[in-house]
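Residues per chain, in single letters:
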Amino acid sequence: MVITKSRLVLGATAVTLSTIAVTSLGIHSRGQALFKASPKELVDEVWQIVQRQYVDGTFNQVDWLAVRKEYLNKSYSNQEEAYKSIREMLKKLDDPYTRFMDPEEFKNMQVDTSGELTGIGITISQDEKTKKIVVISPIDDTPAFKAGILAKDIIVKINGQSTQDMDTNQAVSLIRGEPGTKVNLTIERDGTLKQFDIIRARIEIHPVKYSQKQTPAGKLGYIRLNQFSANASREMQGAIKDLEKQRVSGYILDLRGNPGGLLYSSVEIARMWLDTGTIVSTIDRWGEQEREVARGIALTNKPLVVLVDKGSASASEILSGALQDNKRAILVGSQTFGKGLVQSVRPLDDGSGLAVTIAKYHTPSGKDINKHGVDPDVTVDLSDQQREQLWLKEREKLATLEDPQFAKAVEVLGQQIAARNLTSSDKK
């Protein structure tokens, strides 16, 4: 199977709470639809796409042929009735990542590739077991981040409206809005309810931040990657090249709280660190596999430690899994989120859009991380209270020796640098 990379979706949740309905997607755009399908034709178009492409040939134990008969036997007087039926139809798959977007939602989603958002800046999903709306991660320095929203927070209410039985589309429509307006979220965290009033804003996202740090392990390059957007690989390349000029001894790549994004972005960035080896394998419902591999174009071979946590998802898990399995990096932190599914996004004939799960991915060693995540080599867990203190109240301590996960990364990296220096001396 040939999968067009620009259409592969690896957002941890597939939903960013802004005017953007889907986070960090690659879109294969057909431009404006040539005609507007009738409501019933639109329902059948969605059914046919799922029939051809869905990752599970059993359709998650749903009689998909019977579903078609049920929904095509209905009468539709307008598009809104069709949209409602499509959402009901897709809900039967019990897959929060396969979702329909009306024309406004689909248009907003396409804006996301520009790296500018309007909203509060969090990524969400619907928990597959509990059906609750869960925060995957707030985006750094956004209104949600500054308000204190954390990964794994459960959104119980939006402006006083319960999210019980609410899907991600409904949650997005309630949370997004014009810059300067307010949204109230009721959050459940560790069994306690918290209220957050958040002012929506226009958000310009620069996915890469970096600096040189003087540490007990020597002069290190620190790179923080917030998400795998369209310009992430270009910014990562610039960061590595600049830090190489500064002659750093090793690198710490911080993927904590990174919810994912474009597949090709994670592959391109992996190639900057790897000269050889498999990066990721995608497997469709027929068992056909496509592998992405390194191409001998790594920008550095210096020791590398990657920081991960439960907010590191999807494309973050591809990158960290590839570096771990190829023994290129040591992972420090806590177990990652566990989203190992790939979505394809396509426009429909009336200007709406459909994201459908078309494949799963495995790390180079063949691990299926869906619902489990990537296990770090060195575990340094932080409680929600510790994370809130570090990331919000004492932000100046982040990526310093007062940051427990960063401090452990420095220690581990120091050992790697010392071992490499010793090996180099032995060879002389």
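Heads up: the structure comes first, above all this text.
Below you will find a few notes about this structure.

About the thresholds
Residues numbered from 1 in each chain as written. Predicted model: local features only at pLDDT ≥ 70, side-chain atom pairs only at ≥ 80, totals over all residues. Heavy atoms only, no water. Helix = DSSP H or I, 4+ residues; strand = E, 2+ residues; numbered from the N terminus. Buried < 20%, exposed > 50% of the residue type's maximum accessible area, 1.4 Å probe, protein only. Contact = heavy atoms within 4.5 Å. Areas by Shrake-Rupley, 256 points an atom, 1.4 Å probe, with all protein chains shown as cover. Phe/Tyr/Trp six-rings, centres within 6.5 Å; stacked < 30°, edge-to-face > 60°. Lys NZ or Arg CZ within 6 Å of the ring centre and 35° of its normal. Pairing = 2+ DSSP bridges. Axes fitted to C-alpha atoms, helices over the stretch in contact; angles between N-to-C directions. Core = buried A, V, L, I, M, F, W, Y, C linked by side-chain atoms within 4.5 Å.

**Focus: the overall build of the protein**
- Secondary structure summary: the protein contains 11 helices and 21 strands in total.
- Relative to its full complement of 428 residues, the protein shows a buried share of 57%.
- Considering only contacts within the protein whose residues lie at least 6 apart along the sequence, 72% involve residues at least 24 apart.
- As presented, the protein carries roughly 17,600 Å² of accessible surface, and 47% of it is formed by carbon and sulfur atoms.

**Here we look at helix α9 (residues 315-325)**
- Burial analysis of α9 places 10 of its 11 residues in the buried class, which makes it a mostly covered element.
- Among the residues making up α9, those that are buried are A315, S316, E317, I318, L319, S320, G321, A322, L323 and Q324.
- Positive phi shows up at K327, right after α9, with a value of about 55°.

**Some details on the packing of aromatic side chains**
- Going through the model one piece at a time under the given rule, you end up with 6 aromatic pairs.
- With a centroid separation of 5.7 Å and 75° between ring planes, the pair formed by Y222 and F406 is classed as edge-to-face. With Y222 in strand β12 (residues 218-225) and F406 in helix α11 (residues 404-427), the pair connects residues that are 184 residues apart, well separated along the chain.
- Since its relative accessible area comes to 8%, Y222 is described here as buried.
- Of the residues examined, F406 reaches a relative accessible area of 3% and is grouped as buried.
- These aromatic residues form a ring-pair network of at least three members: W47, Y54, F59 and W64.
- Against the face of W47 rests R68, its NZ or CZ located 5.2 Å from the ring centre.

**Description of the sheet that holds strand β17 (residues 304-308)**
- Ordered in space as β11-β12-β13-β17-β18-β21, the 6 strands form an open sheet in which the pairing is mixed. In this open sheet, the two strands that pair with only one neighbour each are β11 (208-215) and β21 (378-379).
- With respect to the sheet, helix α7 (residues 232-245) is in contact with β11, β12 and β13 (250-254), its orientation differing from that of β11 by roughly 25°.

**Some details on the nonpolar core**
- With 64 residues, the main nonpolar core has I223, M236, L253 and W273 as its most contacted residues.
- I133, A144, I149 and L185 belong to the second-largest nonpolar core, a separate cluster that totals 17 residues.

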